Amino acid sequence: RKEVEQDPGPFNVPEGATVAFNCTYSNSASQSFFWYRQDCRKEPKLLMSVYSSGNEDGRFTAQLNRASQYISLLIRDSKLSDSATYLCVVPHSRGGSYIPTFGRGTSLIVHP
Amino acid sequence: EPEVTQTPSHQVTQMGQEVILRCVPISNHLYFYWYRQILGQKVEFLVSFYNNEISEKSEIFDDQFSVERPDGSNFTLKIRSTKLEDSAMYFCASTPTGPTDTQYFGPGTRLTVL
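Counting starts from 1 at the beginning of each chain's written sequence and moves along it residue by residue. Going through the entries in the order they are written, you letter the chains from A and number the ligands from 1. Where totals are concerned, whole chains, interfaces and linings use all residues; where local detail is concerned, this predicted model gives features only for residues with pLDDT of at least 70, and gives and counts side-chain atom pairs only at 80 or more. For side-chain calculations, the full set of non-hydrogen atoms in the structure is used, while hydrogens and water are omitted.

Colleague: Quick question: what am I supposed to make of the packing of aromatic side chains here?
Modeller: For any two aromatic rings, the description comes down to two numbers: the centre-to-centre distance and the angle of the planes. By convention, a stacked pair of Phe, Tyr or Trp rings (six-membered ring in the case of Trp) has centres within 6.5 Å and planes under 30 degrees apart, an edge-to-face pair has planes over 60 apart, and any other such pair is tilted. The full count for this structure, using the stated rule, is 19 aromatic pairs over all chains. When the ring of phenylalanine 11 of chain A is compared with that of phenylalanine 21 of chain A, the centres are 5.2 Å apart and the planes differ by 75°; the resulting orientation is edge-to-face. Residue phenylalanine 11 of chain A is found in strand 2 (residues 11-14), and its partner phenylalanine 21 of chain A is found in strand 3 (residues 19-25); the two are separated by 10 residues along the sequence. Both rings, one in tyrosine 33 of chain B and one in tyrosine 35 of chain B, keep their centres 6.2 Å apart while their planes meet at 25°; by these two values the pair is stacked. Across this residue pair, the class does not change: tyrosine 33 of chain B and tyrosine 35 of chain B are buried. Each member of the aromatic cluster is reached from another via a ring pair, and the members are Phe34, Tyr36, Tyr51 and Phe102 of chain A together with Tyr31, Tyr33, Tyr35, Phe45, Tyr50, Phe91 and Phe105 of chain B. Helix and strand labels come from DSSP, where a helix needs a run of H or I of at least four residues and a strand needs a run of E of at least two; each type is numbered from the N terminus. When accessible area is computed with a 1.4 Å probe and restricted to protein chains, residues below 20% of their type maximum are described as buried, those above 50% as exposed, and intermediate ones as partly exposed.

Rendered as C-alpha coordinates:
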(Lines give C-alpha, C1' and ligand atoms only; values in the text may rest on other atoms or scores of the structure.)
Protein backbone atom coordinates (compact mmCIF):
# COMPACT_ATOMS: atom_id res chain seq x y z
CA ARG A 1 0.00 0.00 0.00
CA LYS A 2 1.24 3.51 -0.79
CA GLU A 3 1.98 5.61 2.28
CA VAL A 4 -0.86 8.07 1.61
CA GLU A 5 -3.31 7.37 -1.17
CA GLN A 6 -6.07 9.54 -2.59
CA ASP A 7 -8.43 9.29 -5.54
CA PRO A 8 -7.09 12.00 -7.89
CA GLY A 9 -10.52 12.77 -9.36
CA PRO A 10 -11.46 15.22 -10.72
CA PHE A 11 -14.74 15.38 -8.88
CA ASN A 12 -17.02 17.60 -10.93
CA VAL A 13 -20.07 18.73 -8.93
CA PRO A 14 -22.73 21.44 -9.15
CA GLU A 15 -22.96 24.26 -6.65
CA GLY A 16 -24.80 23.15 -3.53
CA ALA A 17 -23.80 19.52 -3.83
CA THR A 18 -22.27 17.43 -1.08
CA VAL A 19 -19.01 15.72 -1.95
CA ALA A 20 -16.75 13.36 -0.02
CA PHE A 21 -13.11 12.41 -0.47
CA ASN A 22 -11.27 9.51 1.08
CA CYS A 23 -7.62 9.11 1.97
CA THR A 24 -5.93 5.87 3.09
CA TYR A 25 -2.65 5.68 4.94
CA SER A 26 -0.27 2.82 5.59
CA ASN A 27 1.39 3.65 8.91
CA SER A 28 -0.77 2.55 11.83
CA ALA A 29 1.44 4.56 14.23
CA SER A 30 0.36 7.89 12.72
CA GLN A 31 -1.18 10.15 15.33
CA SER A 32 -2.23 13.27 13.46
CA PHE A 33 -3.94 13.83 10.14
CA PHE A 34 -4.50 16.90 8.03
CA TRP A 35 -6.47 18.13 5.06
CA TYR A 36 -4.91 20.98 3.14
CA ARG A 37 -6.30 22.91 0.21
CA GLN A 38 -4.03 23.84 -2.69
CA ASP A 39 -5.00 26.25 -5.43
CA CYS A 40 -3.22 26.09 -8.76
CA ARG A 41 0.50 26.94 -8.36
CA LYS A 42 -0.01 28.13 -4.79
CA GLU A 43 1.11 26.83 -1.44
CA PRO A 44 -0.94 24.30 0.55
CA LYS A 45 -3.13 25.91 3.18
CA LEU A 46 -4.54 24.10 6.19
CA LEU A 47 -8.20 23.24 5.95
CA MET A 48 -8.60 20.90 8.93
CA SER A 49 -6.56 18.89 11.39
CA VAL A 50 -7.77 15.62 12.93
CA TYR A 51 -6.28 14.22 16.09
CA SER A 52 -9.09 11.98 17.36
CA SER A 53 -12.18 10.63 15.65
CA GLY A 54 -13.13 13.67 13.66
CA ASN A 55 -13.48 17.40 13.32
CA GLU A 56 -16.11 19.77 11.95
CA ASP A 57 -15.76 23.35 10.78
CA GLY A 58 -18.79 24.89 9.13
CA ARG A 59 -19.45 23.07 5.85
CA PHE A 60 -16.41 20.82 6.27
CA THR A 61 -16.29 17.59 8.26
CA ALA A 62 -13.33 15.26 8.60
CA GLN A 63 -13.68 11.72 9.95
CA LEU A 64 -10.94 9.34 11.03
CA ASN A 65 -11.26 5.56 10.96
CA ARG A 66 -8.15 4.15 12.63
CA ALA A 67 -9.21 0.52 12.25
CA SER A 68 -9.42 0.84 8.47
CA GLN A 69 -6.67 3.48 8.27
CA TYR A 70 -8.52 6.14 6.34
CA ILE A 71 -9.69 9.68 6.79
CA SER A 72 -12.46 11.34 4.89
CA LEU A 73 -13.39 14.91 4.07
CA LEU A 74 -17.01 15.88 3.53
CA ILE A 75 -17.92 19.21 1.96
CA ARG A 76 -21.56 20.25 2.19
CA ASP A 77 -23.26 22.94 0.12
CA SER A 78 -20.33 23.26 -2.30
CA LYS A 79 -19.39 26.76 -3.45
CA LEU A 80 -17.62 27.76 -6.67
CA SER A 81 -14.74 28.91 -4.46
CA ASP A 82 -14.27 25.36 -3.15
CA SER A 83 -12.75 24.41 -6.51
CA ALA A 84 -9.18 23.37 -5.66
CA THR A 85 -7.03 20.34 -4.98
CA TYR A 86 -7.44 18.77 -1.54
CA LEU A 87 -4.33 17.24 -0.05
CA CYS A 88 -4.32 14.57 2.62
CA VAL A 89 -1.24 14.76 4.86
CA VAL A 90 -0.24 12.08 7.35
CA PRO A 91 3.02 12.29 9.31
CA HIS A 92 4.54 8.82 9.07
CA SER A 93 6.80 7.56 11.82
CA ARG A 94 10.39 6.76 10.94
CA GLY A 95 12.64 5.76 13.78
CA GLY A 96 12.01 8.28 16.54
CA SER A 97 10.66 10.99 14.26
CA TYR A 98 7.90 11.68 11.77
CA ILE A 99 7.97 12.53 8.08
CA PRO A 100 5.05 14.65 6.83
CA THR A 101 3.75 12.59 3.91
CA PHE A 102 1.42 13.97 1.27
CA GLY A 103 -1.11 12.27 -0.93
CA ARG A 104 -1.30 13.25 -4.59
CA GLY A 105 -4.41 15.29 -3.93
CA THR A 106 -8.02 15.11 -5.07
CA SER A 107 -9.16 17.70 -7.58
CA LEU A 108 -12.58 19.29 -7.03
CA ILE A 109 -14.36 21.36 -9.65
CA VAL A 110 -17.58 23.06 -8.58
CA HIS A 111 -19.62 24.38 -11.50
CA PRO A 112 -22.65 26.72 -11.58
CA GLU B 1 -0.99 36.94 11.38
CA PRO B 2 2.64 35.80 11.12
CA GLU B 3 3.57 34.03 7.90
CA VAL B 4 6.41 32.20 6.23
CA THR B 5 8.09 34.20 3.47
CA GLN B 6 10.26 32.97 0.61
CA THR B 7 12.52 34.65 -1.91
CA PRO B 8 12.80 34.78 -4.84
CA SER B 9 9.35 33.90 -6.13
CA HIS B 10 10.88 32.67 -9.39
CA GLN B 11 14.46 31.66 -10.12
CA VAL B 12 15.75 30.77 -13.57
CA THR B 13 19.19 29.17 -13.80
CA GLN B 14 21.41 27.27 -16.17
CA MET B 15 22.07 23.58 -15.65
CA GLY B 16 25.13 23.05 -13.46
CA GLN B 17 24.78 26.35 -11.63
CA GLU B 18 24.32 26.70 -7.89
CA VAL B 19 21.14 28.23 -6.50
CA ILE B 20 20.17 29.32 -3.01
CA LEU B 21 16.52 29.52 -2.06
CA ARG B 22 15.69 31.60 0.97
CA CYS B 23 12.98 31.33 3.59
CA VAL B 24 12.05 33.20 6.74
CA PRO B 25 10.03 30.85 8.97
CA ILE B 26 7.55 32.07 11.57
CA SER B 27 9.65 33.50 14.38
CA ASN B 28 8.63 31.33 17.34
CA HIS B 29 8.50 28.07 15.37
CA LEU B 30 11.08 25.40 16.13
CA TYR B 31 10.99 23.05 13.11
CA PHE B 32 11.64 24.05 9.52
CA TYR B 33 11.11 22.09 6.33
CA TRP B 34 11.75 22.12 2.62
CA TYR B 35 9.43 20.41 0.16
CA ARG B 36 9.49 20.05 -3.59
CA GLN B 37 6.54 19.84 -5.97
CA ILE B 38 7.22 19.02 -9.61
CA LEU B 39 4.47 20.37 -11.85
CA GLY B 40 1.45 18.08 -11.78
CA GLN B 41 2.89 15.86 -9.06
CA LYS B 42 2.55 15.57 -5.31
CA VAL B 43 4.33 17.57 -2.64
CA GLU B 44 7.49 15.69 -1.63
CA PHE B 45 9.35 16.04 1.67
CA LEU B 46 13.02 16.96 1.30
CA VAL B 47 14.35 17.76 4.74
CA SER B 48 13.42 18.85 8.25
CA PHE B 49 15.61 21.00 10.48
CA TYR B 50 15.56 21.41 14.24
CA ASN B 51 17.94 22.89 16.75
CA ASN B 52 20.39 23.91 14.02
CA GLU B 53 20.75 20.50 12.47
CA ILE B 54 19.00 18.21 10.03
CA SER B 55 16.35 16.14 11.77
CA GLU B 56 15.23 13.97 8.85
CA LYS B 57 15.89 13.88 5.13
CA SER B 58 14.42 11.99 2.21
CA GLU B 59 16.12 9.99 -0.54
CA ILE B 60 15.73 13.03 -2.80
CA PHE B 61 17.95 15.10 -0.49
CA ASP B 62 21.29 13.86 -1.78
CA ASP B 63 24.76 15.42 -1.65
CA GLN B 64 23.85 18.20 -4.06
CA PHE B 65 21.42 19.64 -1.50
CA SER B 66 22.26 21.41 1.74
CA VAL B 67 20.37 23.52 4.25
CA GLU B 68 21.55 26.22 6.58
CA ARG B 69 20.23 28.63 9.15
CA PRO B 70 22.86 31.36 8.76
CA ASP B 71 21.29 33.72 11.29
CA GLY B 72 18.32 33.88 13.63
CA SER B 73 15.74 34.34 10.92
CA ASN B 74 16.75 32.90 7.55
CA PHE B 75 16.61 29.24 6.49
CA THR B 76 18.19 28.41 3.13
CA LEU B 77 18.22 25.53 0.68
CA LYS B 78 21.25 25.28 -1.58
CA ILE B 79 21.37 23.16 -4.70
CA ARG B 80 25.02 22.89 -5.74
CA SER B 81 24.85 21.81 -9.36
CA THR B 82 21.34 22.07 -10.73
CA LYS B 83 19.92 19.50 -13.10
CA LEU B 84 16.98 19.84 -15.46
CA GLU B 85 14.95 17.57 -13.19
CA ASP B 86 15.38 19.99 -10.28
CA SER B 87 12.85 22.27 -11.98
CA ALA B 88 9.96 22.43 -9.53
CA MET B 89 8.21 24.56 -6.95
CA TYR B 90 10.09 24.57 -3.66
CA PHE B 91 8.08 25.23 -0.53
CA CYS B 92 9.45 26.13 2.86
CA ALA B 93 7.33 25.39 5.93
CA SER B 94 7.58 25.69 9.68
CA THR B 95 5.78 24.14 12.64
CA PRO B 96 5.50 25.38 16.23
CA THR B 97 6.81 22.19 17.82
CA GLY B 98 7.25 19.09 15.66
CA PRO B 99 6.40 17.25 12.43
CA THR B 100 3.02 16.08 13.77
CA ASP B 101 1.92 19.73 13.97
CA THR B 102 0.16 21.90 11.41
CA GLN B 103 2.58 22.93 8.66
CA TYR B 104 2.64 26.63 7.74
CA PHE B 105 3.84 27.03 4.19
CA GLY B 106 5.52 29.88 2.40
CA PRO B 107 4.34 30.93 -1.06
CA GLY B 108 7.08 28.92 -2.77
CA THR B 109 9.94 29.54 -5.16
CA ARG B 110 9.49 28.33 -8.71
CA LEU B 111 12.86 27.04 -9.91
CA THR B 112 13.38 26.65 -13.64
CA VAL B 113 16.59 24.96 -14.79
CA LEU B 114 17.44 25.47 -18.46
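Colleague: Explanation requested: the layout of surface pockets in the structure shown.
Modeller: Empty space among the atoms can be located by rolling a probe the size of a water molecule over them. Whether a set of points on the 1 Å grid over the protein atoms alone is a cavity depends on a 1.4 Å probe fitting there but being unable to get out, while an open set qualifies as a pocket with protein on both sides within 12 Å along at least five of seven lines; lining residues are those with an atom within 4 Å of a point. Grid points are joined across faces, edges and corners, and a volume is the space filled by probe spheres set on the points. Here the largest pocket is characterised by a volume of approximately 430 Å³. Along the walls of the largest pocket sit 21 residues, with Gln38 and Thr85 of chain A together with Gln37, Gly40 and Gln41 of chain B positioned nearest its centre. Those elements that place two or more of their residues in the lining of the largest pocket are strand 9 (84-94) and strand 11 (106-111) of chain A together with strand 9 (88-95) of chain B. Ranked by residue count, the leading element in the lining of the largest pocket is strand 9 of chain A, at three residues.

Colleague: Please clarify how the interface of chain B and chain A should be interpreted in this entry.
Modeller: Many authors give the size of an interface as the accessible area that is lost as the parts come together. Throughout, a contact is declared for two residues whenever any of their heavy atoms are within 4.5 Å. Listed by partner, the interface residues are 23 residues for chain B and 20 residues for chain A. Taken over both partners, the interface formed by chain B and chain A buries close to 1,900 Å², and the fraction arising from carbon and sulfur atoms is 56%. Among the residues of chain B in contact with chain A, Glu56, Thr100 and Phe105 of chain B are the three that bury the most area, contributing 27% of the side total. For this analysis, a salt bridge means a side-chain nitrogen from Lys or Arg found within 4 Å of a carboxyl oxygen belonging to Asp or Glu. Seen at the junction of chain B and chain A, the total is one salt bridge. Residue glutamate 56 of chain B is joined to arginine 94 of chain A by a salt bridge in which the shortest nitrogen-to-oxygen separation is 2.8 Å. Polar contacts here mean pairs of N or O atoms no more than 3.5 Å apart (in protein, one a potential hydrogen donor and the other a potential acceptor; neighbouring residues in sequence count only if both atoms are side-chain atoms). On the surface where chain B and chain A come into contact, there are five residue pairs in polar contact (both at pLDDT 80 or more). Elements supplying a minimum of two residues to the side of chain B that touches chain A: strand 4 (31-37), strand 6 (53-57) and strand 9 of chain B. Simply put, the buried area is the total loss of 1.4 Å probe accessible area from both parts when two parts are fitted together.

Colleague: Looking at this structure, I do not really get the sheet that holds strand 1 (residues 4-6) of chain A. What am I missing?
Modeller: Residues and elements named next belong to chain A. A sheet is described by the order of its strands in space; here five strands give the open sequence 1-3-8-7-6, paired in antiparallel fashion. Because the sheet does not close on itself, it has two edges, and the strands there are strand 1 and strand 6 (54-57). Between one strand and the next, the sheet's axes are offset by a mean angle of 15°, whatever the strand orientation. Think of it this way: DSSP has to see at least two bridges between two strands before they count as a pair. Axes here refer to lines fitted to C-alpha atoms; in helices the fit is confined to the stretch in contact. Angles between the N-to-C directions go from 0 to 180 degrees.

Colleague: Which parts of the structure should I look at to understand the environment of asparagine 22 of chain A?
Modeller: Residues and elements named next belong to chain A. Of note, asparagine 22 is situated in strand 3. C-alpha separation for the pair asparagine 22 and glutamate 3, spaced 19 residues apart in sequence, amounts to 14 Å. Discounting chain neighbours no more than four positions away, the residues touching asparagine 22 are Glu5, Gln6, Asp7, Trp35, Tyr70, Ile71 and Ser72.

Colleague: Honestly, the state of the cysteines in this entry has me stumped. Any pointers?
Modeller: The bond known as a disulfide is covalent and runs between the sulfur atoms of two cysteines. Residue and element names in this part refer to chain B. Count a disulfide wherever a pair of cysteine sulfur atoms falls within 2.5 Å. Per the counting criterion, the structure on display carries two disulfides over all chains. Bridging cysteine 23 to cysteine 92, the disulfide has an S-S length of 1.9 Å. On the sign convention where negative is left-handed, the bridge of cysteine 23 and cysteine 92, at about -60° about the S-S bond, is left-handed. Here cysteine 92 lies in strand 9 and cysteine 23 lies in strand 3 (residues 19-24), a separation of 69 residues in the sequence.

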